[in-house]
Amino acid sequence: MKRLIRVWVLTAEYAVGTVAACAFAAVLYRVVTGSSIVTGLTDLVESALATLS
């Protein structure tokens, strides 16, 4: 019985960790695809390319 409880606890911990990782990935995706980040990265790449030519 104790072994079964340990298995359920580990399963619950993995489930919580997976949900937390998915939530973090969703927030990170929203931040990275936001217009201000895309604009900033585009400006950075353009200025870097301009210094090469």
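In case you missed it, the structure is sitting above this.
Please read all numbers here as calculations on a predicted model, not as lab measurements.

Caption draft 1: Structural context of the environment of Trp8. As for its placement among the helices and strands, Trp8 is situated in helix 1 (residues 2-32). On the accessibility criterion, Trp8 (59% relative accessible area) is exposed. Separated by 19 residues in sequence, Trp8 and Val27 place their C-alpha atoms 29 Å apart.

Caption draft 2: Representation of a nonpolar patch on the surface. On the surface, a nonpolar cluster with roughly 740 Å² of combined accessible area is contributed by Phe24, Val27, Leu28, Val31, Val32, Ile37, Leu41 and Leu44. Among the secondary structure elements, those contributing two or more residues to the nonpolar patch are helix 1 and helix 2 (35-52). The leading source of residues in the nonpolar patch is helix 1, at five residues. Mapped onto the secondary structure, Leu44 falls in helix 2. Assessed through its relative accessible area of 53%, Leu44 is described here as exposed.

The rules behind each value
- Along each chain, residues carry numbers from 1 onward, in the same order as the chain's sequence is written.
- In keeping with the model being predicted, local features are shown solely for residues with a pLDDT of at least 70 and side-chain atom pairs are shown and tallied solely at 80 or more, while totals for entire chains, interfaces and linings include all residues.
- As a rule here, side-chain values cover all heavy atoms of the structure and leave hydrogens and water aside.
- Secondary structure elements follow DSSP: runs of H or I no shorter than four residues count as helices, runs of E no shorter than two count as strands, and numbering proceeds from the N terminus.
- Each residue is assigned to one of three classes by its accessible area relative to the maximum for its type, calculated with a 1.4 Å probe on protein chains only: buried under 20%, partly exposed between the two thresholds, exposed over 50%.
- The residues that make up patches have over 30% relative accessible area and no salt bridge, and they are joined within 9 Å when like-charged or within 5 Å when they are Val, Leu, Ile, Met, Phe, Trp or Tyr.
- For accessible areas, the Shrake-Rupley method is used with a probe of radius 1.4 Å. Any residue's cover is judged against the shown protein chains and nothing else.
- Salt bridges are identified by distance alone: a Lys or Arg side-chain nitrogen within 4 Å of an Asp or Glu carboxyl oxygen.

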